[in-house]
Amino acid sequence: MESCPVCDGLRFDARTIAGVAIRRCASCGCRISDIAVAGGISYGHVDDGAYAGSIARVRRRQAQEIIAFVRPFARSGEWLDVGCGYGYVLDAAKAEGFRVRGVEPDGKVASAARERIGNIEQGTLAESTAVADVLSTLDVLEHLHDPAAFARLVRSKARKLWLIKVPSSDGLFFRLAHALRIRGAVQRLWQSGYEHPHTVYFDHATLTRFLEKHGFEVVAVRYLEEVPHGTVVDRLTLDGRTPRWKARLAVPLFFAVNLIERLRGRSDALLVLARPRVGQQ
Ligand SMILES: [Zn+2]
């Protein structure tokens, strides 16, 4: 990304924190990275037991919260989840009476989702993708190299709502990791050692501005607890690089951060619901 995806700014405050090159837009504060993609960790290398014990459990619980978040604005129609993973949100949307459809780039994951849900296509959002009433992109936007082009495409595909979940630089984990330059945490937050690192870090203000620029208006915002108690050790040992004894040492820190975040009403996982502004394409 040459210019800022939020405000088109060209001036950045560039710094390398814990080996991750981060540029912060001087005018809007949006953060972008230029992490080289080089055969990092994909789903294929992830420990399935740890995945089931941490991410899968959190995702299933979050799926329920996500549906409850959308329900006041849409109760029926067709729901398309882009980057649907194993399809937890589609499961929950289907149970609520939505007609569901998904696209997922990872072949193995897509076929696992297809076995349960049916209408899952392997791939990404494209010009050929049919429109849907609710279009969700959960943990997708932060991986893209051209989020603006993607937003324009979503604008032509989402009839009523665009539901977005992104990691937020509002979160205390993000702030602590960067302020204290905690190497492992910064690298994990940007997923710098992974196959699909984070290219951009939004927060509430920059994501709102980004959406407005692309013809959407934000109708609801909330934060989700991303690493709840009881999932910390599994989450930290997911990629097999951190021993369990070491992960256990971090439990009190996660406990403290989650407590503070509950009081602040914030977290590292931002959920935003937007609708296309009428008369603007
Ligand atoms: Zn900017």
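Since we're looking at a predicted model, the values are computed, not measured. (Residues numbered from 1 in each chain as written. Predicted model: local features only at pLDDT ≥ 70, side-chain atom pairs only at ≥ 80, totals over all residues. Heavy atoms only, no water.)

**Observations concerning the side chain of D133**
Among the secondary structure elements, D133 is positioned in strand β7 (residues 132-138). For D133, a relative accessible area of 7% puts it in the buried group. A distance of 2.7 Å separates the side chain of D133 from the backbone nitrogen of E78, its partner in a polar contact. Of note is the side chain of D133, whose polar atom sits 2.9 Å from the side chain of R159. Here D133 is in contact with G77, E78, R159, K160 and L161, once residues within four sequence places are set aside. (Helix = DSSP H or I, 4+ residues; strand = E, 2+ residues; numbered from the N terminus. Buried < 20%, exposed > 50% of the residue type's maximum accessible area, 1.4 Å probe, protein only. Polar contact = N/O pair within 3.5 Å; in protein donor to acceptor, adjacent residues only side chain to side chain. Contact = heavy atoms within 4.5 Å.)

**Considering the coordination of the zinc ion**
Those donors, C4 (SG), C7 (SG), C25 (SG) and C28 (SG), are the protein atoms that reach the zinc ion, and they lie 2.3 Å from it. Every donor counted, the four donor atoms about the zinc ion form angles of 100 to 120 degrees at the centre, which fits tetrahedral coordination. All donors of the zinc ion belong to a single chain; written as a sequence motif, their spacing is C-x2-C-x17-C-x2-C. One end of the pair, C4, is in the segment before β1 (12-17); the other, C25, is in strand β2 (residues 20-25), and 21 residues separate them in sequence. Here C4 and C25 have matching classes, each one buried. (Donors = N, O, S within 2.8 Å, 3.2 Å for Na, K, Ca; no water. Tetrahedral: all angles 85-135°; square planar, octahedral: opposite > 155°, others 65-115°.)

**Describing the sheet that holds strand β3 (residues 31-33)**
In sheet architecture, strand pairing relies on hydrogen bonds along the backbone and comes in two forms, parallel and antiparallel. Pairing is antiparallel in the open sheet, where four strands are placed in the order β1-β2-β3-β9. If you trace the sheet from one side to the other, it starts and ends with β1 and β9 (200-201), each paired once. Note: β1 against β2, six bridges, orientation antiparallel. Pairing of D13 across the sheet is with R24, part of β2. (Pairing = 2+ DSSP bridges.)

**Section: the nonpolar core**
In globular proteins that are soluble, nonpolar side chains generally tend to be buried together. Core analysis: the biggest nonpolar cluster contains 33 residues, and L141, W162 and L207 have the highest contact counts within it. Those elements that provide at least two residues to this core are β4 (78-82), β7, α5 (147-157), β8 (158-167), α8 (204-213), β10 (216-224) and β11 (269-276). Apart from the residues lying within four places of it in its own chain, the contact partners of W162 are L135, T137, L141, F150, A151, V154, F210, L211, F216, V272, L273 and A274. In terms of nonpolar packing, the next biggest core, distinct from the first, is built from 31 residues, V70, L90, V109 and L224 among them. (Core = buried A, V, L, I, M, F, W, Y, C linked by side-chain atoms within 4.5 Å.)

**What to know about the sheet that holds β8**
Across the sheet, which stays open at both edges, the seven strands sit in the order β6-β5-β4-β7-β8-β11-β10 with mixed pairing between neighbours. Edge strands, defined here as strands with exactly one partner in the open sheet, are β6 (120-122) and β10. Taking the axes of each pair of neighbouring strands and ignoring which way they run, one obtains an average angle of 15 degrees across the sheet. Across three bridges, strand β5 (residues 99-104) lies against β6 in parallel orientation. When the sheet's bridge partners are listed, E104 is paired in β6 with Q122. Relative to the sheet, α8 contacts β8, β10 and β11, its axis offset from that of β10 by approximately 155 degrees. (Axes fitted to C-alpha atoms, helices over the stretch in contact; angles between N-to-C directions.)

**Looking at the packing of aromatic side chains**
How two aromatic rings sit relative to each other is set out by the distance from centre to centre and by the angle between their planes. Applying the stated criterion to the full structure yields nine aromatic pairs. Look at F173 and F254: their rings are 4.7 Å apart centre to centre, the planes differ by 40 degrees, and that puts the pair in the tilted class. Of this pair, F173 sits in helix α6 (residues 172-179) while F254 is found in helix α11 (residues 251-264), placing the two residues 81 residues apart along the sequence. Using a relative accessible area of 11% as the deciding quantity, one classes F254 as buried. Members of the aromatic cluster, each reached through a chain of ring pairs, are F150, W162 and F216. (Phe/Tyr/Trp six-rings, centres within 6.5 Å; stacked < 30°, edge-to-face > 60°.)

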